[in-house]
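Here are the chains, one letter per residue:
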Amino acid sequence: MPWSDQSYGPDGPWHAVSVELGSNKQPINLYPGDRWASTILIDTVCSDDTTTCYARRAGLFNIDASTSAVTLNTQTDPTQMNWLSDQSSAGVNKWGGTGYVKEGVLADTLTLQNGHKVPNVSMASIYDAYQEYPNGKRYPVSVGVLSLGAPKASHVVDGNKFNLLSAWEHWNDSSSDRIPSYSWGMHIGSVEPEIPGSLMLGGYDQNRVLDQVSSQQVDNTRHLGNLRIYLKDIGIGVATGDSPFGFENKSGLFTWENSTIIRGKQVEIDPTLPYLYLPKDACDTMTADLPVTFNEDLGLYFWNTDDESYEKITSSPAYMSFTFEKNAGNTQNITIKVPFQLLKLTLQKPLVEQNTTYFPCYPSDSFVLGRAFLQAAFIGTNWQEGIGSGYWFLAQAPGPAIGSSAQQSIEISDTSITASANSWEDSWNGYWVPLSSKSSNPGLSTGAKDGTGNSNSSLSTEAKADTSNSSPGLSTGAKVGIGIGCAAGGLVLIVILWVIISHRKRTTNSHPKTIDEYIATPSSAEQDKPPQMTELYGHYLSELRSDKKIQEVPGSTARHHELP
């Protein structure tokens, strides 16, 4: 499935995938990665022609134009529908804030790039919606979400069995392109710097999986299939070169309410949400050494781009590390590194009047890591037999220098996947600028500021100058001695220069330069910079991507049945 050639906000920008919906194949771009029903924005979302409708860019679905649409006789007139609370496990709606929707039941045909048609795909139809931020303002929504599957093989709604994308492609596809298992692997990538997205049904791109792989059982509470893992710590480090901070690395940033972490805190990985949803204490600690200001209206941290440390931090090999419990045995850890290059995202209209660079920590007691984290992480899921259980995988993803796709299958019985031998540092080489001692700011700790401009942290102890014990200066005799030495040295230098000039005058005409000696050659840095690679997409294992939360109804073990 192709990725859209457009990116979307207003809090990214983010990559999206392209699908065709309905009997008449209406093109729609969606964020990938959800479970159960996909979330589809209906054209009534843009019924008000007096205001700018941002959802039109990604495409809206016209139910009336599709002869294959099924609505189960539910209400489709938004003027007759009630507003429903649309809260996810993160305490926010599907688009990152809080808010309400006018939502209905929908099933329709989804057509893939290879021409495969998946009938009666489970969807939630959104006839109207808004998101609300701490300032109390209502903002429109912009992009729907594509579901890839769920712990069960089908989605049962009011006694009707609707199909799930990956399950249909595994069990019901009779062609030679049938995928080997009810599974998928995804790296959403980044828009800036450009890291193409990768999504494969029935497998994964091994070049998107680096170093260790965490394998966890999916959370089968009520068969929702949430991807949960214990987060043990958050830190700051530098991959190579000098540090733009007053330290080489720092740990212990994952704290809240003066808590003491023993095993860690269970967090959810959710590609349908944009931010890092963590307690305010944790967000403040994470940003204490960054030139940011907390914006109370939106509940986000704005980068102070005029601060001289901003460019050094966000262009250097500095990163924020997330250390997880690798497996349920709590015997090993796995660390995902997210370069600060990926944590300088952009807010756009309608959230702000002018594009604003921000750090994506959103104070919340929900403990969810969204797309901001997944720019640097690979995730995948194997639902196995589709009976309510399965395994999911987490690993470090590469930077822009990826290389071509290396497709690997996921088999039904697989409980883990194999990483490549590629180096994470190599995948960023040429795309970040290591600092030397002359360009770094040792000891500088600018700190996050509140709305009044007060800093939450001060200069580190190492950076403070002890002016009370400074030297009073050189003695008079020492100064005289230095003056005499400088005069003698200057005289010697003049004699040497006279000898060199005389020699050049005698030899200039006997050894003229060739033209080649005047041709400029690239610096060593330019020669070493690798070309930017673009992932090659294979036929099947199929590429998709989606993510989004909707009301889930436990599915039946029966395999996909079409509605009459």
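As named in an unreviewed UniProt entry, the chain is Peptidase A1 domain-containing protein, taken from Penicillium vulpinum.

As a general point, the strands of a sheet are linked pairwise by backbone hydrogen bonds and lie either parallel or antiparallel. An order of E18-E19-E23-E22 is seen for the four strands of this open sheet, with the pairing classed as antiparallel. The strands lining the two open edges of the sheet, one partner per strand, are strand E18 (292–295) and strand E22 (345–347). Here the strands of the sheet are splayed against their neighbours by 50° on average, with no regard to which way each runs. Examined bridge by bridge, strand E19 (residues 300–303) and strand E23 (residues 356–359) share two bridges and lie antiparallel to one another. Within the sheet, the bridge partner assigned to tyrosine 301 lies in E23 and is phenylalanine 359.

A few words now on the environment of aspartate 426. Of note, aspartate 426 is situated in helix H5 (residues 424–428). Sequence-wise, aspartate 426 and glycine 399 are 27 residues apart; in three dimensions their C-alpha atoms are separated by 8.3 Å.

Counting buried positions along helix H1 (residues 165–172) yields seven of eight residues, so the element is predominantly enclosed. Burial in H1 covers these residues: Leu165, Ser166, Ala167, Trp168, Glu169, His170 and Trp171. On the buried face of H1, the contacting elements are strand E5 (98–111), strand E6 (117–132), strand E8 (144–149), strand E10 (160–163), strand E11 (183–187) and strand E12 (198–201).

Time to look at the pattern of salt bridges. Tallying each qualifying case throughout the model produces seven salt bridges. One salt bridge in this structure joins glutamate 268 and arginine 228, with 4.0 Å as the shortest N-O distance. You can see glutamate 268 sitting in strand E16 (residues 265–269) and its partner arginine 228 sitting in strand E15 (residues 228–238), a full 40 residues away along the chain. Judged by relative accessible area, glutamate 268 falls into the buried class, the value being 1%. For arginine 228, a relative accessible area of 24% translates into the label partly exposed. Between aspartate 284 and lysine 280 there is a salt bridge, with the nearest N and O atoms lying 2.9 Å from each other. Here lysine 280 and aspartate 284 lie together in helix H2 (residues 280–286), a separation of four residues that amounts to about one turn. Note on lysine 280: relative accessible area 32%, which makes it partly exposed. A cluster of three or more residues bridged by salt bridges with shared partners is formed by Arg35, Asp219, Arg228 and Glu268.

Along the chain, threonine 314 turns up in helix H3 (residues 308–315). Relative accessible area serves as the criterion here: at 0%, threonine 314 is assigned to the buried category. Here the side chain of threonine 314 touches tyrosine 310 through a polar contact of 2.8 Å, landing on its backbone oxygen. Those residues within four positions of threonine 314 in sequence are excluded, and the remaining contacts are Trp303, Phe340, Gln341 and Lys344.

Bringing the sheet that holds strand E20 (residues 318–325) into the picture now. The strand order across the open sheet formed by seven strands is E21-E20-E15-E16-E25-E17-E24, and the pairing between neighbours is mixed. Strands at the two margins of the open sheet, each flanked by one partner only, are strand E21 (333–339) and strand E24 (361–363). Across seven bridges, E15 lies against E20 in antiparallel orientation. Each residue of the ladder has a partner; that of isoleucine 234, found in E20, is phenylalanine 322.

Further remarks concern the nonpolar core. Ranked by internal contacts, the top residues of the largest apolar core, which has 116 residues, are Leu278, Met286, Phe322, Phe324, Phe340, Phe359 and Phe373. Domain assignment of the residues forming this core places at least three in each of domain 1 (1–178) and domain 2 (179–434). Residues contacting phenylalanine 324, with those up to four places away along its chain left out, are Ile229, Tyr230, Leu231, Lys232, Val267, Gln332, Asn333, Ile334, Ile336, Leu369, Phe373 and Leu394.

An α-helical segment advances 3.6 residues per turn. Residues three or four places apart therefore align on the same side. Burial analysis of H3 places six of its eight residues in the buried class, which makes it a mostly covered element. Within the span of H3, buried status applies to Ser309, Tyr310, Lys312, Ile313, Thr314 and Ser315. Packed against the buried residues of H3 are E19, E20 and E23.

Further remarks concern the state of the cysteines. Inspection of every chain in the model, using the stated rule, returns two disulfides. Between the sulfur atoms of cysteine 46 and its disulfide partner cysteine 53 the distance amounts to 1.5 Å. Measuring the twist about the S-S bond at about -55°, one finds the cysteine 46-cysteine 53 disulfide to be left-handed. Like cysteine 46, the residue cysteine 53 is buried in the burial classification. Paired through a disulfide, cysteine 283 and cysteine 361 show a sulfur-sulfur distance of 2.1 Å. Across the disulfide from cysteine 283 to cysteine 361, rotation about the S-S bond amounts to roughly -75°, and the bridge is consequently left-handed. Highlighted residues: cysteine 283 in helix H2 and cysteine 361 in strand E24, separated in sequence by 78 residues. Of the two residues examined, cysteine 283 and cysteine 361, each falls in the buried class. Cysteines bonded in the chain are numbered consecutively along the chain; their disulfide partners then correspond to 1-2, 3-4.

Analysis parameters
Residues numbered from 1 in each chain as written. Predicted model: local features only at pLDDT ≥ 70, side-chain atom pairs only at ≥ 80, totals over all residues. Heavy atoms only, no water. Pairing = 2+ DSSP bridges. Helix = DSSP H or I, 4+ residues; strand = E, 2+ residues; numbered from the N terminus. Axes fitted to C-alpha atoms, helices over the stretch in contact; angles between N-to-C directions. Buried < 20%, exposed > 50% of the residue type's maximum accessible area, 1.4 Å probe, protein only. Contact = heavy atoms within 4.5 Å. Salt bridge = Lys/Arg side-chain N within 4 Å of Asp/Glu carboxyl O. Polar contact = N/O pair within 3.5 Å; in protein donor to acceptor, adjacent residues only side chain to side chain. Core = buried A, V, L, I, M, F, W, Y, C linked by side-chain atoms within 4.5 Å. Domains from an automatic or database assignment. Disulfide = S-S within 2.5 Å.

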